[in-house]
Amino acid sequence: MHILLPRWIIPIQPRLVLEAHALIIDGPRIVDLLPASAALARYPEATITRLPQHALLPGLVNLHAHSAMTLLRGYADDLALMTWLNDHIWPAEGKHVSDEFVFDGTLLAIAEMIAGGTTCANDMYFHHGAVARAALASDFRMMVGCSILEFPTPYAANADGYIGKALACIDEFRGEDLVGFTLAPHAPYTVSDDTFRRVVTLADELEVGIHCHIHETQDEVTGSLKEHGVRPLARLAGLGVLGGNLIAAHMVHTTDDELALLARNGVNVAHNPASNLKLASGFARIAEQLAAGINVGIGTDGAASNNKLDLFAELRLAALLAKGASGNAEALPAWQALEMATLNGARALGWDDRIGSLEAGKQADLIAVDLSAAGTQPCYDPVSHLVYAADRSQVSHVWIAGRAVYAEHRHLSLDLADIQQRTRRWHDRIRT
């Protein structure tokens, strides 16, 4: 039994800030949330961690990531999406991506994410088993997205090959508490109608989600109109892709009718503000998406297009962009932004019964943020500071499923020296 005694507890659900309260962890789960004095009396034998200037809140959920691409951080910058992909990223991946590349790159990503308060990521990449093994080796919660394309890569020759490897991996890791899977058709412009139909059928049979880049750029929309006669979202609707198990990454270019279509079908959106800006993809209509009742979470995209996996930075940027793009200073207030990065992300993954809020019975995925620094003083409202003033360096403690993986700014589940050595080897190999 473990008692956590922070200055503030922000459970997310309900939407309030608790002072002089304690959170009780037993094994992997939260078992109680009550006034501090009552907790000390009820659990006299428990271990106590005092966090006198800290906010305690659920771990952040990165709703769209390509974790292994940390090894391509800074490799190709200041380019439009298709130039970046066709001329730089896909050729580099063709030369270097392997099981070892993905395992090492995912370890590096997890080290960065944990230190920044992220306890769960929704990934999309190749070598799915390597992603899962890296997560399990790090005590990190990971939804592994199994990429599916029509064209060959060193990983598979065609859509059948990608799907076959996905099914084998899902079967191999079945029953792992920290790992889940989605089928991840890359995008409408890289996946055929027949493959999308097969993905829908398999996702229903296996009870897994679907994760796909959709409406990321205006060129994608224009290309779909030319090739298929309809916009990508309309095409996917006709193929049965839209539903509550779909996470649509980006969704930058949308009409009012498309927002209504997303809402009617319960589609989840992964908003990636920094990546959208860096690739000049555009400004997603997040205020309008939320107003339409769409469940929107926040992602970083990959480190090759961001270039960091920093959800605190994304939180602030998402809130500010929503205000600036809509002309409404009340759009996306701090509370709602924090919900997007926690409970909304968990809901999109179908894991909101496990994580995303601090409630008895849920998994103890939580973080402590030290707000004693000069840049977060004075503190009238810790939620405001978490979104607008704090940065990831102020994350002091991280627990995943009740296990301490980061404490006093030190990793407890990862060997940073080993990860840095692996990273240097890849840098030298890729650079030459």
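Reading the values: the criteria
- Residues numbered from 1 in each chain as written.
- Predicted model: local features only at pLDDT ≥ 70, side-chain atom pairs only at ≥ 80, totals over all residues.
- Heavy atoms only, no water.
- Helix = DSSP H or I, 4+ residues; strand = E, 2+ residues; numbered from the N terminus.
- Contact = heavy atoms within 4.5 Å.
- Buried < 20%, exposed > 50% of the residue type's maximum accessible area, 1.4 Å probe, protein only.
- 1 Å grid on protein atoms, 1.4 Å probe; cavity = no way out; pocket = protein on both sides within 12 Å on 5 of 7 lines; lining within 4 Å.
- Points joined across faces, edges and corners; volume = space filled by probe spheres on them.
- Nonpolar A, V, L, I, M, F, W, Y, C, P; charged D, E, K, R; others polar.
- Pairing = 2+ DSSP bridges.
- Axes fitted to C-alpha atoms, helices over the stretch in contact; angles between N-to-C directions.

A. Expanded view of the environment of Q377. Summarising the element assignment, Q377 is placed in the loop between β14 (366–370) and α14 (382–388). Sequence separation between Q377 and A389 is twelve residues; the distance between their C-alpha atoms is 9.4 Å. Residues within four places of Q377 in sequence aside, it is in contact with L371, S372 and H385.

B. View of unusual backbone geometry. Cis geometry marks the peptide bond from Q13 to P14; its omega dihedral reads 0°. Note the cis peptide between Q377 and P378, where omega equals -10°. The residue P378 is located in the loop between β14 and α14 in this model. Despite not being glycine, A20 has its phi angle at roughly 55°, a positive value. Locating A20 in the fold gives a position in the loop between β2 (18–19) and β3 (21–26). Residues other than glycine seldom take positive phi values, yet D301 does so here, at roughly 65°. For D301, the location among the structural elements is in the loop between β13 (295–298) and α12 (311–326). Take D301: its relative accessible area is 5%, and that puts it in the buried class.

C. Inspection of empty space enclosed by the protein at higher detail. If you walk through the whole model with that rule in mind, you get two cavities of 30 Å³ or more. One number sums up the size of the largest cavity: a volume of about 290 Å³. Taken together, 22 residues line the largest cavity, and the ones lying closest to its centre are H66, M69, L85, H186 and H213. Broken down by element, the residue count for the lining of the largest cavity peaks at six residues, all from helix α2 (residues 81–96). Across the lining of the largest cavity, the residue classes break down as twelve nonpolar, seven polar and three charged. Roughly 40 Å³ of volume is contained in the second largest cavity. As for the second largest cavity, its lining consists of H271, F283, A284, I286, A318, L321 and A322. If one sorts the elements of the lining of the second largest cavity by residue count, α12 sits on top with three residues.

D. How the structure looks around the sheet that holds strand β11 (residues 246–250). Read across the sheet, eight strands follow the order β6-β7-β8-β9-β10-β11-β12-β13 without closing on themselves; strand pairing throughout is parallel. Where the open sheet ends on each side, the last strands, each with one partner, are β6 (60–65) and β13. Averaged over all pairs of adjacent strands, the angle between their axes in this sheet comes to 25°, without regard to strand direction. In the sheet, β6 pairs with strand β7 (residues 118–123) via four bridges, with the strands oriented parallel. In the strand pairing of β7, A65 is matched with D123. Most of the contacts of helix α6 (residues 193–206) go to strand β9 (residues 179–185), to which it runs at about 160°, and overall it touches β8 (141–148), β9 and β10 (209–214). Docked against the sheet, helix α13 (residues 334–348) engages β6, β11, β12 (268–271) and β13, running at close to 110° with respect to β13.

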